[in-house]
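Coordinate analysis (summary)
Read off the chains here:
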Amino acid sequence: MKYKIVVSGGGTGGHYYPAYAVIKELEKNIDVELTYFTIYNRLDYFKVPKDFPDAQHIPLKVKGLIRPLYSIKNINVLINTYINYIKVKKILKQITPNFIILTGGYVTVPVGLAAKDLNIPIFILEQNKIMGVANRVLSKYAKKIFLTYNNTIGNKYPEKSITSGNPLRIPSNINRNKLLNDLDFNESLPLITIFGGSLGSEFIDNLMIDVYNKITNINFIHISKKLKSKWENVKIFDYLDNLTEYLAISDMVISRGGATSLSEIDFFEIPAIIIPWGNSAENQQFLNAKGINKENIHIFTENDVKPQSIIDIIYNVKKKNNYTIKKQNPSKFIVKTILDSLGGA
Ligand SMILES: CC(=O)N[C@H]1[C@@H](OP(=O)(O)OP(=O)(O)OC[C@H]2O[C@@H](n3ccc(=O)[nH]c3=O)[C@H](O)[C@@H]2O)O[C@H](CO)[C@@H](O)[C@@H]1O
């Protein structure tokens, strides 16, 4: 039997990749026909994985809520949500999905409301330490809510919530020497990977210039749409589809506080310097970073961090002894729970 599955999530990697991980795991268990509702035009900002099942992508022209939430301008947002709800409901009636997965972002509100009206089972993934507004609105109608963090702030439905962890794209095998040789890196040196979420970060780009001018005995991979490399030990890419392969062999990461980036750092047990994006909704990125606050995780605000703060920390970075993965991808548990709750595949 073919399962018709509808997924919806905001148009950045942090929402898209967890959905991808779940769909990939579902495909191991059942035949999947996928429809994906996301934000109009946002798919250009980051690369949609090439091997994503032949999803039909339906972009919706949604308007995001304006803060403060009681702003009069949000009346337009409500009208826009209603128009999209009518459109999505019509499409869902044609598709007749078996179930629907929502990964957060305003775009999911009309999709979730239409699914609820048509009695389609809804599963929610919440990656962040503070639940996003869309997930807060839709949680009431969900069959199960999968959380990355214990005690997610703003979650009103603990009885149907499970702290599963964030489903991730995990490389199937890791060959450190090959990955480093491909980039002409010296294998005996440690590797530090720098990236600012799926959309990049000019703040982190600028911060690193002084660091690169001073440090030559570390290999650096830096994801940046702006920087050009003039340093032999720094390789710059505007995007890497296989970034998680490089994360798996990184001895340190410097990143923003997006929940999926942090889940990867946690999963691969990489020491990290986190500089949360100062304008994230409800200071979400700072709360995410505090949520994984452990030894070897250094959190800075944009105001506090200086190139010298980075140099002082990375000066002591050493190559790890081994790079084997010890944990299980949460996608396995999530898929099993979804299928069991629907009566099994
Ligand atoms: C601006 C914005 O909306 N930010 C939110 C967005 O972040 P954003 O979309 O930046 O997502 P995250 O930082 O959580 O994840 C980034 C993902 O992109 C991948 N990647 C990145 C660069 C690259 O070259 N290749 C690559 O594969 C990373 O491996 C990771 O899987 O979603 C997160 C999860 O809900 C939220 O916590 C963030 O606050």
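How each quantity is defined
Residues numbered from 1 in each chain as written. Predicted model: local features only at pLDDT ≥ 70, side-chain atom pairs only at ≥ 80, totals over all residues. Heavy atoms only, no water. Near = heavy atom within 4 Å. Polar contact = N/O pair within 3.5 Å; in protein donor to acceptor, adjacent residues only side chain to side chain. Areas by Shrake-Rupley, 256 points an atom, 1.4 Å probe, with all protein chains shown as cover. Helix = DSSP H or I, 4+ residues; strand = E, 2+ residues; numbered from the N terminus. Nonpolar A, V, L, I, M, F, W, Y, C, P; charged D, E, K, R; others polar. Pairing = 2+ DSSP bridges. Axes fitted to C-alpha atoms, helices over the stretch in contact; angles between N-to-C directions. Contact = heavy atoms within 4.5 Å. 1 Å grid on protein atoms, 1.4 Å probe; cavity = no way out; pocket = protein on both sides within 12 Å on 5 of 7 lines; lining within 4 Å. Points joined across faces, edges and corners; volume = space filled by probe spheres on them. Phe/Tyr/Trp six-rings, centres within 6.5 Å; stacked < 30°, edge-to-face > 60°. Buried < 20%, exposed > 50% of the residue type's maximum accessible area, 1.4 Å probe, protein only. Lys NZ or Arg CZ within 6 Å of the ring centre and 35° of its normal. Domains from an automatic or database assignment. Buried area = accessible area lost by both parts, 1.4 Å probe. Salt bridge = Lys/Arg side-chain N within 4 Å of Asp/Glu carboxyl O.

Observations concerning the site of the ligand
Neighbouring residues of the ligand: 24 residues in total, closest T12, N128, S261, E264 and Q284. With respect to the ligand, the side chain of N128 contributes an N or O atom lying 2.5 Å from an oxygen atom. In the environment of the ligand, an oxygen atom lies 2.7 Å from a nitrogen or oxygen atom belonging to the side chain of S198. In the complex, 92% of the free accessible area of the ligand, which totals 770 Å², lies under the protein chains. When residues of the shell around the ligand are traced back to their parent elements, those giving at least two are α1 (13-29), α8 (259-267) and α9 (284-291). Across the shell around the ligand, the residue classes tally to eight nonpolar, 14 polar and two charged.

Side note on the sheet that holds strand β11 (residues 252-255)
Sheet strands associate in pairs through backbone hydrogen bonding, adopting either a parallel or an antiparallel arrangement. With parallel pairing, six strands are arranged side by side in an open sheet as β10-β9-β8-β11-β12-β13. Unpaired on one side and paired on the other, β10 (234-237) and β13 (297-299) mark the two borders of the sheet. The average angle at which neighbouring strand axes cross in this sheet is 15°, direction not considered.

Observations concerning the sheet that holds strand β5 (residues 122-126)
On the basis of which strands lie adjacent, the open sheet formed by seven strands has the order β3-β2-β1-β4-β5-β6-β7 and parallel pairing. Only two strands of the sheet have a single neighbouring strand rather than two, namely β3 (56-60) and β7 (161-163). Neighbour-to-neighbour, the strand axes of the sheet open up by a mean angle of 20°, direction not taken into account. Of the pairings in the sheet, the one linking strand β2 (residues 31-39) to β3 comprises five bridges and is parallel in character. Its bridge partner being in β3, T35 is matched across the sheet by Q56. In the packing of α1 onto the sheet, the strands contacted are β1 (2-8), β2, β3, β4 (99-102) and β5, and the crossing angle to β2 comes to about 170°.

Concerning empty space enclosed by the protein
Under the counting rule described, the total for this entry stands at one cavity of 30 Å³ or more. As a volume, the largest cavity reaches approximately 40 Å³. Every residue along the wall of the largest cavity is listed here: P18, L125, E126, Q127, F146, L147, T148, S164, G165, N166, P167 and I334. Listed by contribution, the elements that provide at least two residues to the lining of the largest cavity are β5 and β6 (144-147). Here the lining of the largest cavity is composed, by residue class, of six nonpolar, five polar and one charged.

Looking at the packing of aromatic side chains
Per the stated rule, a full pass over the model turns up seven aromatic pairs. Ring geometry for Y212 against F220: centres 4.9 Å apart, planes inclined by 65°, an arrangement best described as edge-to-face. The exposure classification of Y212 matches that of F220, with both residues buried. Ring centres of Y212 and W231 lie 5.1 Å apart, and the angle between their planes is 55°; this geometry places the pair in the tilted category. Note that Y212 is positioned in helix α6 (residues 202-214) and W231 in the loop between β9 (219-223) and β10, a separation of 19 residues in sequence. A residue is classified by how much of its surface remains accessible, and Y212, at 1% relative accessible area, is buried. A connected cluster of aromatic rings, assembled from ring pairs, spans Y3, F99 and F123. For K116, the ring lying beneath its charged end belongs to Y141, and the centroid distance is 4.9 Å.

Quick word on the domain arrangement of the chain
For the chain, the assigned domains read domain 1 (2-169 + 329-341) and domain 2 (176-314). Domain 1 puts 26 residues into the contact, and the matching count from domain 2 is 19 residues. Taking both sides of the interface into account, the surface hidden between domain 1 and domain 2 amounts to around 1,900 Å²; carbon and sulfur atoms contribute 53%. Contact with domain 2 buries area across many residues of domain 1, yet Y149, L168 and R169 alone supply 29% of it, more than any other trio. Ionic pairing is found between E282 and R136, a salt bridge with its closest N-O pair at 2.6 Å. Taken together, the connections running from domain 1 to domain 2 amount to eleven residue pairs in polar contact (both at pLDDT 80 or more). Of all the secondary-structure elements, those providing two or more residues to the side of domain 1 that touches domain 2 are α1 and α4 (133-138). For the side of domain 1 that touches domain 2, the leading source of residues is α1, giving four residues.

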